Amino acid sequence: MALHIRDFRQSDAAGLSRLSETGHLLGALPAPDAGLRILAGLRDGQLASAIWLSLDADTGIIPAILVVHTAGWQSDVRELAAEASLWLASRGAARIELRIIPPDEDLIAGLLDMQFKADDRAGIMQRTMQVRSVA
C-alpha cells in the first residue's frame, strides 16, 4: 500500500518520537531547531515515515529518512525520495543530494533507477534534475 505523503504537522511529533526509537534511519537526524522541512509518510492514518529536506541555492539536501521496519521499507524510502525530489525541484533545485549511501543493495538499485548516482568519495548519492525552461 502506498504512502500518503504530506507536510509534517505538530500533531505528528509523538509518532515521530516513537518512529525514531524503532524505525530504520538512513542518515543522521537533524537537530529539531535546524529549520529543515519534514515530509511525513502515513499509512492507514499512522505515521510510517519521514524525510528531512532543505534547499541550499540550487541544491536540494536530504540529510535523513526514517521509515518503519517492514518488508517493503525500501519502497517507502524510494517513494519519499521521489516526493522530496518533486518538492525541491519545484523550488528551483537543479541537484538533489541524499547525504548517505545506503548499505542496502536493493535500495541502492532502486535509487539508481531513479537517476541517483553514488559518489563514494563524498559518501552521498546525487541526482541531477531536469530543468525546464520558462521561455
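What you are looking at is a predicted structure, and each value in this text was computed from that prediction instead of being measured. (Residues numbered from 1 in each chain as written. Predicted model: local features only at pLDDT ≥ 70, side-chain atom pairs only at ≥ 80, totals over all residues. Heavy atoms only, no water.)

## Comments concerning helix 1 (residues 13-22)
Along helix 1, the residues classified as buried are Gly 15, Leu 16 and Leu 19. All buried residues of helix 1 project into a common sector of 100° when viewed along the axis, lining one side. Relative to its buried face, helix 1 has exposed residues pointing more than 90 degrees away, namely Arg 18 and Glu 21. Against strand 4 (46-56) and strand 5 (59-67) lie the buried residues of helix 1. (Buried < 20%, exposed > 50% of the residue type's maximum accessible area, 1.4 Å probe, protein only. Helix = DSSP H or I, 4+ residues; strand = E, 2+ residues; numbered from the N terminus. Arc of directions from axis to C-beta. Contact = heavy atoms within 4.5 Å.)

## Observations regarding the pairing of strand 6 (residues 95-98)
Here strand 5 pairs with strand 6 via four bridges, running parallel. Within strand 6, the residue paired with Ile 62 across the bridge is Leu 98. Bridge count between strand 6 and strand 8 (residues 124-128): four bridges; the pairing is antiparallel. When the sheet's bridge partners are listed, Glu 97 is paired in strand 8 with Gln 126. (Pairing = 2+ DSSP bridges.)

## Some points on the nonpolar core
Among the nonpolar cores identified, the biggest contains 27 residues, and Ile 51, Leu 53, Ile 62, Ile 65, Leu 98 and Leu 111 are the most heavily contacted of them. Looking at this core, the elements with two or more residues in it are strand 4, strand 5, helix 2 (73-89), strand 6 and helix 3 (105-113). Element by element, the count of residues in this core is highest for helix 2, at seven residues. In this view, Leu 98 contacts Ile 62, Ile 65, Leu 111, Phe 116, Ile 124 and Met 125; residues no more than four positions away in its chain are not counted. Membership of the second largest hydrophobic core comes to nine residues, among which are Ile 38, Ala 40, Leu 47 and Trp 52. (Core = buried A, V, L, I, M, F, W, Y, C linked by side-chain atoms within 4.5 Å.)

## Here's the deal with the pattern of salt bridges
Two side chains bearing opposite charge may form a pair once their charged atoms approach each other closely. Evaluation of the coordinates by the stated rule reveals five salt bridges. Note that Arg 99 and Glu 97 form a salt bridge whose closest N and O atoms lie 3.0 Å from each other. (Salt bridge = Lys/Arg side-chain N within 4 Å of Asp/Glu carboxyl O.)

## Brief notes about the environment of Asp 113
Structurally, the position occupied by Asp 113 is in helix 3. Overall, Asp 113 belongs to the exposed group, its relative accessible area being 64%. Here the alpha-carbon distance between Asp 113 and Ala 48, two residues 65 residues apart in the chain, equals 23 Å.

## Observations concerning the pairing of strand 4
Relative to strand 4, strand 3 (residues 37-43) is paired through seven bridges, and the arrangement is antiparallel. Directly across from Arg 43, in strand 4, lies its bridge partner Gln 46. Here strand 3 hands over to strand 4 after two residues, with Asp 44 in that stretch at a positive phi of 55°. With seven bridges joining them, strand 4 and strand 5 adopt antiparallel strand pairing. Bridge assignment links Leu 55 to a residue of strand 5, and that residue is Gly 60. Here strand 4 folds back onto strand 5 in antiparallel fashion, the turn holding two residues, of which Ala 57 has a positive phi close to 60°.

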